[in-house]
Amino acid sequence: MKYVLVTGGVVSGLGKGVTASSIGLILKACGLRVTSIKIDPYLNTDAGTMSPFEHGEVYVLDDGGEVDLDLGNYERFLDIKLTGDNNITTGKIYQAVIDKERRGDYLGKTVQVVPHITDAIQEWIECVAVIPVDGKDGPPDVCVIELGGTIGDIESMPFIEALGQFSYRVGAGNFCLIHVSLVPVLSVVGEQKTKPTQHSVRGLRSLGLTPDILACRSTTELDKNVMEKISRFCHVPVDNIITLYDVSNIWRVPLLLREQKAHEAILKVLNLKGVAREPALGEWTSRAELCDKLHEPVRVAIVGKYTGLSDAYLSVLKALVHAAVACHRKLCIDWIAASELEDETSIENPENYRSAWKLLKGANAILVPGGFGDRGVEGKILAARYARANRIPFLGICLGMQIAVIEFARSILGLPDANSTEFDPNTQNPCVIFMPEGSKTHMGGTMRLGSRRTYFQVADCKSAKLYGNQSFVDERHRHRYEVNPDMVQQLEDAGLSFTGKDESGRRMEIVELPDHPYFIGVQFHPEFKSRPGKPSGLFLGLIAAATGQLETFLKKGVPKTWGLSNGTSGLKSHRYVNGTKLANGSLDGIYCKANGIHV
């Protein structure tokens, strides 16, 4: 087994996750089988109880693991299926060691960070690295490990020590360390400054790790003399210094690595040059170029609670991009804080109220994503009502489906107090109820999580057609509440169609309005399984409906090229910085707008 460790220095948010994903992709393109591990030094057992404002979205895996959003990048780039164990946290490691201590496994020894915690980290990595994640038998060839945080963080120290021991244990030729650092450009002098990278590498070496390759984040390509200076002071060959400068879209990062022959440097360190081939990235290159050429826009309004941080809906954004590119459209996101659509805002802040409704009414499609808590719920219901009444393409995910049902019950069934027991425990018309198997005392890991099967009830419904006319589909879930099965008949008699249900037939999974151009709600999260070359059918349907292409897709099916066919036209490319906002509002090729704020 070969290991590639990706660390970060100077500041957080440099794009280690995208870098690690791109390294994995280029190694896979070289013919190697690749898996990934993300190490998060926080004490939480997993990401499940963390606020999206604090840490971005909670990404859900097939096995129900609630993990860091970077695992979503790994799955999308590499088209693999990871497990919850591929996300290592301090909480998991300490819990495992304490459990062993309580069982007496340490035979009375004093349990310490070294060797017990560090040994546990190394054992975890070795065990997880051999798990096949690409659907094939046998262990992968390379494991890409990303260490979260920044070198020097106090919570990372046990992992740094463990990885230093690990590199010595697996031996030269089996371990490659890539350090992502910042080379800033001071606006006053316009000069690329190397000192932050020098200090970062010095700190890394003082902790027992020596970088084999430096990936330098900068707004522009590094000057030759700057690379030579970094090489001299950091003891890294010039050929092993890569510039990760700003590019037009996120899919160009692997191409940047290939252009600078990063794969050759990695393969040389890992003694794989005679085994691997030149990276085959033809389809990936075509998709990256297509993304830059698109100019005809499609506007999607995302009505949510966490609109101040785009990472809170990262997988939704990526799924929309996949679908938009497949439909040959430039994706434009209008972020709308749900609470600003509510009547109270019209009194307290009329300017924000008018701006929010103007964005909603100007959108080609409306999407209400998942969420928790009652803040902004009434605004989401108003958004669903507007989409239903005005025949605007609509997609509701998880809570978004539930609010669509509540809105229908209020408007069509004439039940003004219809609600979810999550928001009104005493409602006389509970459209959405707490699931019987849920826990009301413990939050972590107690939801309905992971891959569950949905059976289509109507053969010719839009959702079934978008999933290729299969009889069932497996999608990932994360919810505590569900549509009240006792109200289903009443809702269906009024025109709502529950086209997808679980194996019991009592849990509603998909709801549609048959006479609407596109009005679908799903209890699961289709965004988690969307891939650049294989967009989620429901997201594809939303964009197709918003651009007048839905009937074509439903009749002919999605082309095998997934948007890489001819007939696209030119567009001036946007610039972006991995994971950070730009002055022109472009993020990963998406123009995002929320009441005048670029995110």
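Residues numbered from 1 in each chain as written. Predicted model: local features only at pLDDT ≥ 70, side-chain atom pairs only at ≥ 80, totals over all residues. Heavy atoms only, no water.

(A) Main features of the overall build of the chain. Check the secondary structure of the chain and you find 20 helices and 25 strands. Relative to its length of 599 residues, the chain is compact, with a C-alpha radius of gyration of 25 Å against a globular reference of 25 Å. Overall, the chain is about 75 × 65 × 50 Å in size when its C-alpha atoms are taken along their principal axes. Relative to its full complement of 599 residues, the chain shows a buried share of 59%. For the chain, restricting intrachain contacts to residue pairs at least 6 apart in sequence, the fraction spanning at least 24 positions comes to 72%. One way to put it: in the chain the 66 positive side-chain charges average out to a point 5 Å from where the 69 negative ones average out. (Helix = DSSP H or I, 4+ residues; strand = E, 2+ residues; numbered from the N terminus. Rg over C-alpha atoms; globule rule 2.2 N^0.38 Å. Buried < 20%, exposed > 50% of the residue type's maximum accessible area, 1.4 Å probe, protein only. Contact = heavy atoms within 4.5 Å. Lys, Arg positive; Asp, Glu negative; His and termini not counted. Charge placed at Lys NZ, Arg CZ, Asp CG, Glu CD.)

(B) Structural context of the layout of surface pockets. Put simply, the second largest pocket is a space of about 600 Å³. When contributions to the lining of the second largest pocket are tallied by element, the ones reaching two or more residues are helix 17 (462-466), strand 19 (472-479) and helix 20 (550-556). Of the residues forming the lining of the second largest pocket, the biggest block, three residues, is contributed by strand 19. Along the lines of polarity and charge, the residues of the lining of the second largest pocket split into twelve nonpolar, eight polar and ten charged. (1 Å grid on protein atoms, 1.4 Å probe; cavity = no way out; pocket = protein on both sides within 12 Å on 5 of 7 lines; lining within 4 Å. Points joined across faces, edges and corners; volume = space filled by probe spheres on them. Nonpolar A, V, L, I, M, F, W, Y, C, P; charged D, E, K, R; others polar.)

(C) Molecular detail of the environment of proline 196. With respect to the element layout, proline 196 can be found in helix 7 (residues 195-206). You can call proline 196 partly exposed: its relative accessible area is 24%. Ignoring anything within four residues of it in the chain, the contact list for proline 196 reads Val10, Ser181, Leu182 and Pro184.

(D) Spatial organisation of the confidence of the model for the chain. When the pLDDT values of the chain are averaged, the result is 89; 92% of them are 70 or greater. Ignoring residues within four places in sequence, the model shows residues 565-599, a span with pLDDT below 50, making 96 contacts including any to other chains. (pLDDT = per-residue confidence, 0-100.)

(E) Here's a closer look at the nonpolar core. Counting 100 residues, the largest nonpolar core has Val4, Leu27 and Leu320 as its most contacted members. For this core, the leading source of residues is helix 12 (residues 314-326), giving nine residues. In contact with leucine 320, other than residues within four places in its own chain, are Val300, Ile302, Leu331, Ile333, Leu367, Phe539, Leu542 and Ile543. Formed by 45 residues, the second largest nonpolar core is a distinct cluster that contains Ala301, Val377, Ala387 and Phe498. (Core = buried A, V, L, I, M, F, W, Y, C linked by side-chain atoms within 4.5 Å.)

(F) A look at the side chain of lysine 501. Along the chain, lysine 501 turns up in strand 21 (residues 497-501). Buried and without a salt bridge, lysine 501 has glutamate 492 as its closest oppositely charged side chain, separated by 4.9 Å. If we ignore the near neighbours within four places in the chain, the residues touching lysine 501 are Arg453, Thr454, Tyr455, Gln457, Arg507, Met508 and Glu509. (Salt bridge = Lys/Arg side-chain N within 4 Å of Asp/Glu carboxyl O.)

(G) Region of the structure containing helix 5 (residues 113-129). For helix 5, which comprises 17 residues, the first-to-last C-alpha distance of 23 Å matches the rise-based estimate of 24 Å (1.5 Å per residue) to within 8%. Restricting attention to buried positions, one finds in helix 5 the residues His116, Ile117, Thr118, Ala120, Ile121, Gln122, Trp124, Ile125, Val128 and Ala129. (Expected span 1.5 Å × (residues − 1).)

(H) Fine view of the packing of aromatic side chains. Scanning the model with the defined rule gives twelve aromatic pairs in all. Consider the rings of phenylalanine 434 and tyrosine 481, whose centres lie 5.2 Å apart with planes at 80°: the pair is edge-to-face. A residue pair is termed long-range when its members are at least 10 positions apart, and phenylalanine 434 in strand 17 (residues 430-434) and tyrosine 481 in strand 20 (residues 481-483) qualify at 47 residues. By relative accessible area, which is 17% here, tyrosine 481 ends up buried. Here a set of aromatic residues connected by ring pairs shows up, and it is made of Tyr3, Phe166 and Phe175. (Phe/Tyr/Trp six-rings, centres within 6.5 Å; stacked < 30°, edge-to-face > 60°.)

(I) How the structure looks around the pairing of strand 23 (residues 519-522). Side chains Phe519 and Gly521 project from strand 23 onto one buried face, and the interleaved Ile520 and Val522 project onto a second face that is buried too. Summarising the sheet, strand 15 (residues 394-397) and strand 23 pair through four bridges and their orientation is parallel. Bridge pairing links phenylalanine 394 to phenylalanine 519 in strand 23. Pairing of strand 22 (residues 508-512) with strand 23, which is carried by three bridges, proceeds in the antiparallel orientation. Opposite valine 511, over in strand 23, you have glycine 521 as the bridge partner. (Pairing = 2+ DSSP bridges.)

(J) Structural context of the environment of glycine 450. You can see glycine 450 is positioned in strand 18 (residues 448-456). Residues glycine 450 and tyrosine 59 lie 391 residues apart in sequence; the distance between their C-alpha atoms is 10 Å.

(K) Geometry of the packing of helix 12 against helix 19 (residues 537-546). The N-to-C vectors of helix 12 and helix 19 enclose an angle of 55°; their axes lie 8 Å apart at closest approach. Accordingly, the angle class assigned to the pair helix 12 and helix 19 is oblique. Between helix 12 and helix 19 the crossing geometry is right-handed. In this structure, helix 12 uses Val316, Ala319, Leu320, Ala323, Ala324 and Ala326 to contact helix 19, whose residues at the interface are Phe539, Leu540, Leu542 and Ile543. (Axes fitted to C-alpha atoms, helices over the stretch in contact; angles between N-to-C directions. Parallel < 35°, antiparallel > 145°, perpendicular 65-115°, else oblique. Left-handed = near helix turned anticlockwise from the far one by under 90°.)

(L) Expanded view of the sheet that holds strand 1 (residues 2-8). If you walk across this open sheet you meet the seven strands as 5-2-6-1-7-10-11, and the pairing is parallel. The sheet is open, and its two borders are formed by strand 5 (87-89) and strand 11 (241-245), each paired with just one other strand. Here the average twist between neighbouring strands, direction ignored, is 20°. Both strand 1 and strand 6 (residues 142-147) contribute to a ladder of five bridges, which runs parallel. Opposite valine 6, over in strand 6, you have glutamate 146 as the bridge partner.

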